[in-house]
Amino acid sequence: MPRAAFVWDQFGPYHMDRCQAAAHALGGPETVLGLELAPASATYAWVPTGAATGFVKETLFPGVSVDTVPRARRFFRLFARLRRARVRHVFLCNADRIEILMLALVLRLMGRRVYAMTESKFDDLPRRSLREAAKKLFYWPYCGVLVGGARTRDYMRFLGFAEDRIATGYDSVSIGRIRRLAGAPPAPDGTPFAERSFIIVARLVAKKNVALAIDGYRRYRD
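All of the points below concern the structure found in this document. Quick caveat: nothing in here was measured; it's all calculated off a predicted structure.

## Some details on the pairing of strand β4 (residues 89-92)
Now for step 1: Looking at chain direction, strand β1 (residues 4-8) and β4 are connected through four bridges and run parallel. Each residue of the ladder has a partner; that of phenylalanine 6, found in β4, is phenylalanine 91.
Now for step 2: Pairing of β4 with strand β5 (residues 113-118), which is carried by four bridges, proceeds in the parallel orientation. Its bridge partner lying in β5, leucine 92 is registered against alanine 116.
Now for step 3: As for the winding sense of the linkage, the β-α-β connection from β4 through helix α3 (residues 98-109) to β5 is right-handed.

## A short note on the sheet that holds strand β2 (residues 32-36)
Now for step 1: Read from one edge to the other, the open sheet built from seven strands follows the order β3-β2-β1-β4-β5-β6-β7, with strand pairing classed as parallel. Each edge of the sheet is formed by a strand with only one pairing partner; in this case those strands are β3 (56-59) and β7 (166-168). The mean angle between the axes of side-by-side strands here comes to 20°, regardless of whether they run parallel or antiparallel.
Now for step 2: Across the sheet, helix α1 (residues 13-26) is in contact with β1, β2 and β3; its angle to β1 comes to roughly 175°.

## Remarks on the pairing of β2
Now for step 1: Within β2, five of the five residues are buried, which leaves the element mostly enclosed by the surrounding structure.
Now for step 2: Alternating positions in β2 separate into two faces, Val32, Gly34 and Glu36 on one and Leu33 and Leu35 on the other, with burial throughout.
Now for step 3: Here five bridges tie β1 to β2, and the two strands are oriented parallel to one another. Looking at the pairing, valine 7 lines up with leucine 35 of β2.
Now for step 4: Assessed by its sense of winding, the connection that carries the chain from β1 through α1 to β2 is right-handed.

About the thresholds
Residues numbered from 1 in each chain as written. Predicted model: local features only at pLDDT ≥ 70, side-chain atom pairs only at ≥ 80, totals over all residues. Heavy atoms only, no water. Pairing = 2+ DSSP bridges. Helix = DSSP H or I, 4+ residues; strand = E, 2+ residues; numbered from the N terminus. Right-handed = clockwise from strand over helix to strand, strands pointing away. Axes fitted to C-alpha atoms, helices over the stretch in contact; angles between N-to-C directions. Contact = heavy atoms within 4.5 Å. Buried < 20%, exposed > 50% of the residue type's maximum accessible area, 1.4 Å probe, protein only.

Shape descriptors only; they carry no functional weight alone.
Spelled out as structure tokens, the structure:
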């Protein structure tokens, strides 16, 4: 029986990393259940990750894009699978979605421990008082939150989480996998620093603010 379940819309390589690491820490592949809603989305152009090693992975809506699945169907399929798994600890992303809020509420009523996973920060976009007050209600069912860094931790405190209910480390990846993909010795060995490139790994969308990085590079060159 799994001890923890992680739910994302679509699994990319780093979601696989995180589930594998969690299962290793908890004692074996059967301890972690990774639930992917669908293998494709309009947001990420990842190649489908397929079967997993090191943890149990399931795709609830195979062969489609998650954007085509109605929210009600997402809720009922997730609820049915998590109830059947009888998993004690459930980690959910996209806490601002109504189907995720309903799932978190129902799971808490069933005695499960539910945790949010987020990278949101206060300065992501203009904040309005009424909207932020409503957002606090969306986080009410959660026992704790896993965040990407210090600014997200501060924002979660603003939304009502006590310091001891916030854990950092959400943005983890497998360093071993990255080194294998690089095919070169890690720094300070390998390519001399003078010959290395500046690389941005991000989607080319406005909210990633790649223009700021390019401006920073211009200043560096100047």
